[in-house]
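Geometric and topological summary
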Amino acid sequence: MSTEHRSPFPPGARILVRDEEWLVKRAVPTDTDGAKIEAIGVSEYVRDMPATFFTEIDTVEVLRPEDTVLVTDNSPRFRRSRLFLEAVLRRTPLPRSETGLALSGGFVADPLVYQQRPAELALSGLRPRILLADVVGLGKTLEIGMILAELVRRGRGERMLVVTPQHILDQFQREMWTRFSIPLVRLDSTGLERIQREIPAGRNPFTYFRRIIISIDTLKRVAEYEHHLKKVYWDAVVIDESHNLIGGTSLRSRLARLLASRSDALLLASATPHNGDKRSFADLIRLLDPAAIADKDNYTAADIAHVYLRRTKISPEVRDQIGGQWADRGPSVPTRCTATPAEEAIFQELTTTWLTRDGVSTGAGRRLLPYTLIKSFLSSHRALADTVRNRLGSQHCTDPGERAALTRLRDLAGVMSNGDSAKLAALITLLTGIGVGARSDRRVVVFSERVSTLEWLAEVVPGRLGLSQAAVRVMHGGRTDKEQQKIVEEFSLAGSDVRLLLTGDIASEGVNLHTQCHHLIHYDLPWSLIRIEQRNGRIDRYGQQHQPQFDALILTSSVDGALDDRSVAEHLLKREEEAHRSLGSAEAITGEYLPEREERRLIQDLLAGKTVEQSLDAAEERDVLADLLGGVGETPGNPMPAKATVPTLFESTEAFVDQALTEVFDAAEDAIALHREPGLLSFDVPPDLTPRLSDLPRSYLAAQRTERGLRLRMTFDRDVAQAKLAQARRLSKTAWPDVTFVSDVHPVVEWLVDKVLLRLGRQQAPVLLADVKEPTYLVQGVYCNRLGQPTVVDWMAVSGLAEQPTVTPLPEALVAARVGPNMTNPLTPLDLEPLQKWVPAAIDIARIHLAAERQHWDEVVEQPIRDYRRQLHQWVQASLFDDDQTSAGQRTRRQRAVEATVAEQEDLVGRLATDGEPLLRLLAVLVAPTDEGVEGR
């Protein structure tokens with residue numbers, strides 16, 4: 001059997017392998033072994049057993065629908081048959097031709113249209129590959145969760161890799177589980193130790209786990225993981241804070257290129273999507289679509305609109321929908337702190353020795369040193385002392401004059417006491433005014449750029465406020481990933497002792513600090529509008545119920561010519577606030593899109609004699625990417641995203657789960673201690689369900705254990721789930737709630753779907769008594785592409801076989817026949833032989849109908865393919881445009897690169913079109929209670 005084998009193996013197909021029957025869960029092509037089929041056992045000897053087969057190695061036979069055997073159903077109200085039909089509907093992935101949203105509103109998230117737009121955009125293309133660039137606080141994690149859930153429902157989300165900064169691993173993992181029912185195994189330092197203990201030596205960890213979340217810092221150890229990653233193909237890869245990928249030779253960039261080439265869906269997320277360089281940004285876009293940009297120096301927002309989405313808080317759709325779920329931010333209040341005599345002495349030394357023409361020589365390699373010293377001092381005298389000490393111990397400090405000046409600074413900083421710090425006194429006053437104290441639950445986050453400042457504040461602040469050391473946490477890049485995750489979680493829990501979080505800018509990206517806090521103090525301000533905005537976004541974000549309050553400590557000096565906080569920091573504080581209110585984001589002002597580069601450029605402008613305002617004004621004029629940062633996709637063409645047509649027999653997922661548990665366990669319900677109460681359902685987890693939950697944190701699962709074993713408490717009510725989330729933060733020691741929300745993609749639902757499907761024997765279809773005029777055969781038809789993905793799924797009801805055959809849509813037939821919970825099953829003996837004889841005819845009619853419909857479906861499926869091939873052709877023409885300034889060698893290299901990209905994309909596109917013969921499957925037969933055919937005609 002060759003790798004070009006065309007037999008369909010869509011999810012839900014029944015196959016015979018090694019004389020046993022199996023249910024296909026997933027099938028993908030391989031380079032050498034034909035199709036790889038992941039299946040679960042159906043026949044008695046292998047029931048519930050998972051297995052993997054390769055069509056080049058095993059003989060795989062798809063069961064013929066004509067050989068389906070009809071059986072009676074003696075369950076109450078035909079429960080078994082209705083569950084079986086529902087399980088088939090749920091197990092069958094939505095086809096590629098269905099681009100509407102199937103699960104909107106089915107999560108623990110407010111059903112906001114603007115947060116559904118990214119899923120709409122992702123599903124509209126050939127592959128779900130987008131850069132989600134919404135500004136800070138709009139809910140990018142929720143938007144990613146919605147996309148991933150839609151992919152799972154389409155059978156395109158089995159294997160996922162999520163890459164985030166290490167301090168938000170727990171937060172991201174928790175959001176995916178508690179809001180979307182998507183379990184991810186967390187491979188932080190503890191998770192990696194678990195791998196080393198549990199999997200066989202040499203085993204690829206990325207094949208051992210299906211859905212993984214890992215930090216970029218861990219994964220970028222390419223030398224250790226690259227050979228493993230090259231052997232894995234992912235359904236979906238998510239890279240959060242993806243601006244960190246920019247840079248053609250960085251390890252992160254190399255990792256991103258590898259993952260982009262080994263995944264179907266690729267979701268990049270960043271509130272600061274590029275560094276202001278059009279060429280670098282083009283490289284990021286080309287990870288998503290290699291043919292999007294022909295000339296990296298000349299492209300527009302229109303060229304990338306199919307892979308790029310950016311909205312701000314003032315974008316019309318966002319502004320109209322956030323309502324009371326996001327309180328308007330308060331003003332950024334500068335609190336001026338008059339320097340003490342000890343501080344003025346340092347200002348005098350810095351000004352006269354380091355900033356004047358007659359001061360210390362700051363030649364090549366030392367021009368930025370004065371500003372490094374000044375910024376350290378504006379943080380604290382402790383930070384200045386550390387900076388001076390490090391410089392004196394450096395091999396670069398060889399000039400005697402410089403060493404003497406640094407020694408004077410060291411001595412001045414060394415004699416300063418805590419009482420000599422104006423900022424410290426102002427901080428205590430501010431915190432006291434806010435209400436932080438031993439008998440208050442008020443919380444505040446304090447930012448500083450310097451670790452030494454943070455650690456000093458942790459020493460002196462608690463005692464002055466009457467707080468215990470347990471009420472204060474210090475977070476910075478020197479903490480381990482587990483420590484960082486624990487600190488973030490503790491600060492979000494109302495029941496924890498933490499009242500004051502002292503943190504560096506490691507917490508300025510991606511971390512949610514708003515659940516129990518709406519006060520933020522900048523102890524020192526970064527010289528970067530981006531960083532100020534990122535900091536503020538930790539508490540100013542969707543879901544904030546109280547007005548965010550921002551204070552900044554501004555140290556002032558009377559020394560003539562001193563560069564105090566009024567000179568730079570206060571200006572930046574004001575400009576960030578103005579930009580937020582008028583533009584929705586501060587980034588377009590700066591002309592730079594990485595904080596480090598923004599600060600460096602500002603200092604260079606100061607060295608050139610410009611003021612802060614002059615520097616910012618010049619940046620706005622030279623911003624060549626403003627059109628890419630303005631709202632792209634913020635004015636959608638349709639008022640609501642299209643909704644998918646998803647047939648179902650049950651009024652809700654809750655009704656299906658409830659009935660499935662009763663059917664599967666029936667008299668054995670006591671064995672799982674099944675318990676129902678309003679809004680909640682709980683039961684003991686059977687052994688075959690346990691592996692499906694093993695990706696969740698061990699600590700979370702341990703909390704669900706009882707004397708009988710693991711017990712699962714579930715809810716289908718979004719409001720109950722939201723209340724449990726809030727309760728966990730308010731009363732628990734963990735932000736993980738003890739009740740899990742059940743969405744359509746929850747492992748329990750998938751487990752029950754498989755259990756129900758296995759209730760019928762080999763190639764059997766039930767017969768139901770229903771409100772029909774003549775026997776009606778329910779048939780499923782599926783076309784696939786070469787990737788094994790359904791491109792067309794047709795649900796048919798075939799009737800009139802004896803006279804005039806007709807085919808109607810199955811959902812309509814089920815409604816007309818009143819197939820539902822109100823059916824009655826009189827357990828009347830049925831003569832199935834006449835019905836059995838019509839099975840081949842019913843399949844033939846369905847096959848003919850499906851073939852006739854294929855032309856229409858091919859048009860739907862192949863139109864995007866034709867559009868992309870047209871785009872690819874235009875890209876080729878633009879890429880090979882003959883530039884007189886380009887040498888012959890450069891043109892040759894460019895042509896080879898273009899040809900390689902075209903070959904790669906054509907191969908990909910070729911795999912997406914409908915291919916081969918359809919799979920047909922008889923699901924059930926509906927007959928009238930008095931049908932003559934049933935009585936033996």
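These figures come from a predicted structure and were not determined experimentally. Numbers given to residues run from 1 along each chain, matching the order in which its sequence is written. Since the coordinates come from a predicted model, pLDDT governs what is reported: local features require at least 70, and pairs of side-chain atoms require 80 or more to be given and counted, while whole-chain, interface and lining totals use all residues. Water and hydrogen atoms were dropped before computing side-chain values, which therefore reflect all heavy atoms in the structure.

**Some points on the overall build of the protein chain**
To keep things clear, this is the line we draw: A run of H or I in DSSP becomes a helix once it reaches four residues, and a run of E becomes a strand once it reaches two; helices and strands are each numbered from the N terminus. This radius of gyration counts C-alpha atoms alone. The globule rule is 2.2 Å times how many residues there are, raised to the power 0.38. A simple rule labels every residue: compare its accessible area, found with a 1.4 Å probe on the protein chains alone, to the largest value its type can have, and call it buried under 20%, exposed over 50%, or partly exposed in between. By the convention used here, residues are in contact when the closest approach between their heavy atoms is within 4.5 Å. Methods summary: accessible areas were calculated by the Shrake-Rupley approach with a probe of 1.4 Å, and residue burial reflects only the protein chains presented. Positive charges come from Lys and Arg alone, negative charges from Asp and Glu alone, with His and the N- and C-terminal ends not counted. Charge positions are represented by NZ for Lys, CZ for Arg, CG for Asp and CD for Glu.
What the protein chain contains, in helices and strands, is 35 helices and 29 strands. Rg of the C-alpha trace for the protein chain: 32 Å, near the compact-globule value of 30 Å for 937 residues, within the 12% margin. Seen through its principal axes, the protein chain has C-alpha atoms that stretch 110 × 75 × 55 Å. Residue burial in the protein chain is summarised as follows: out of 937 residues, 59% are buried. When contacts within the protein chain are restricted to residue pairs at least 6 apart in sequence, those whose partners lie at least 24 apart make up 78%. Element-wise, carbon and sulfur atoms account for 49% of the exposed surface of the protein chain, whose accessible area totals about 37600 Å². Of the side-chain charges in the protein chain, 115 are positive and 131 negative, and the distance between the mean point of each set is 4 Å.

**Observations concerning the pairing of strand 12 (residues 263-269)**
Using the following cut-off: The rule for pairing is simple: two strands pair if DSSP sees at least two bridges between them.
In terms of burial, strand 12 is a largely internal element, seven of the seven residues being buried. Relative to strand 12, strand 7 (residues 129-132) is paired through four bridges, and the arrangement is parallel. Residue pairing across strands places Leu 131 opposite Leu 268, the latter belonging to strand 12.

**Concerning the confidence of the model for the protein chain**
Low pLDDT marks regions whose predicted coordinates should not be analysed in detail. So the rule is basically this: Values of pLDDT, the confidence the predictor places in each residue, fall between 0 and 100.
Confidence in the prediction for the protein chain averages 87 pLDDT; 92% of positions are at 70 or higher. Contacts from residues 1-6, a stretch scored under 50 in pLDDT, to residues over four places away or in other chains number eleven contacts. Per-residue pLDDT stays below 50 along residues 932-937; that stretch engages in 13 contacts with residues further than four places along the chain or on separate chains.

**Observations regarding the pairing of strand 27 (residues 790-799)**
Within strand 27, ten of the ten residues are buried, which leaves it mostly tucked inside the rest of the structure. Where strand 26 (residues 776-785) and strand 27 come together, eight bridges link them in antiparallel fashion. Across the sheet, residue Leu 778 finds its bridge partner in strand 27, namely Ala 797. The turn linking strand 26 back onto strand 27 is made up of four residues, and Gly 788 within it adopts a positive phi angle of 80 degrees. In this structure, strand 27 lies alongside strand 28 (residues 806-809), joined through four bridges in antiparallel fashion. Bridge assignment links Met 796 to a residue of strand 28, and that residue is Pro 809.

**Considerations on the sheet that holds strand 27**
To keep things clear, this is the line we draw: Every angle, taken between N-to-C directions, lies between 0 and 180 degrees, and every axis is a line fitted to C-alpha atoms, over only the stretch in contact when it is a helix.
The strand order across the open sheet built from six strands is 6-25-29-26-27-28, with neighbouring strands paired in mixed fashion. Each of the sheet's edge strands pairs with one partner strand only, and the pair in question is strand 6 (69-71) and strand 28. The sheet shows a mean angle of 35 degrees between the axes of neighbouring strands, taken without regard to direction.

**A few points about the environment of Glu 613**
In plain terms, the rule: Think of a polar contact as two N or O atoms within 3.5 Å of one another; within protein, one of them needs to be a possible hydrogen donor and the other a possible acceptor, and neighboring residues in sequence only count if both atoms come from side chains.
Here Glu 613 lies in helix 24 (residues 612-621). Apart from the residues within four sequence positions on either side, Glu 613 is in contact with His 571 and Arg 575. Only 3.4 Å separates the side chain of Glu 613 from the side chain of His 571, close enough to count as a polar contact.

**What about the packing of aromatic side chains?**
What counts is decided by this rule: Centre distance within 6.5 Å is the pairing criterion for rings of Phe, Tyr and Trp, where only the six-membered ring of Trp is used; planes under 30 degrees apart are then read as stacked, over 60 as edge-to-face, and the remainder as tilted.
Scanning the entire structure with this criterion turns up eleven aromatic pairs. Note on Phe 206 and Trp 234: the rings are 6.2 Å apart at their centroids and 75 degrees apart in plane angle, and the pair reads as edge-to-face. Of this pair, Phe 206 sits in helix 6 (residues 205-208) while Trp 234 sits in strand 11 (residues 234-239), and the two are 28 residues apart along the sequence. Across the pair, exposure class does not vary: Phe 206 and Trp 234 are buried alike. Here the aromatic rings of Phe 665 and Trp 751 are separated by 6.0 Å at their centres, their planes lie at 40 degrees, and the arrangement is tilted.

**Some details on helix 2 (residues 113-124)**
Heads up, the rule is: Helix span is expected to be 1.5 Å times the residue number reduced by one.
Its twelve residues place the ends of helix 2 16 Å apart at the C-alpha level, agreeing with the 16 Å of an ideal helix rising 1.5 Å per residue. With ten of twelve residues buried, helix 2 lies mostly within the body of the structure. Residues of helix 2 that are buried include every one of Val 113, Tyr 114, Gln 115, Gln 116, Arg 117, Pro 118, Ala 119, Leu 121, Ala 122 and Leu 123, and no others. For helix 2, the elements touching its buried residues are strand 7, helix 3 (140-153), strand 13 (308-309) and helix 12 (316-322).

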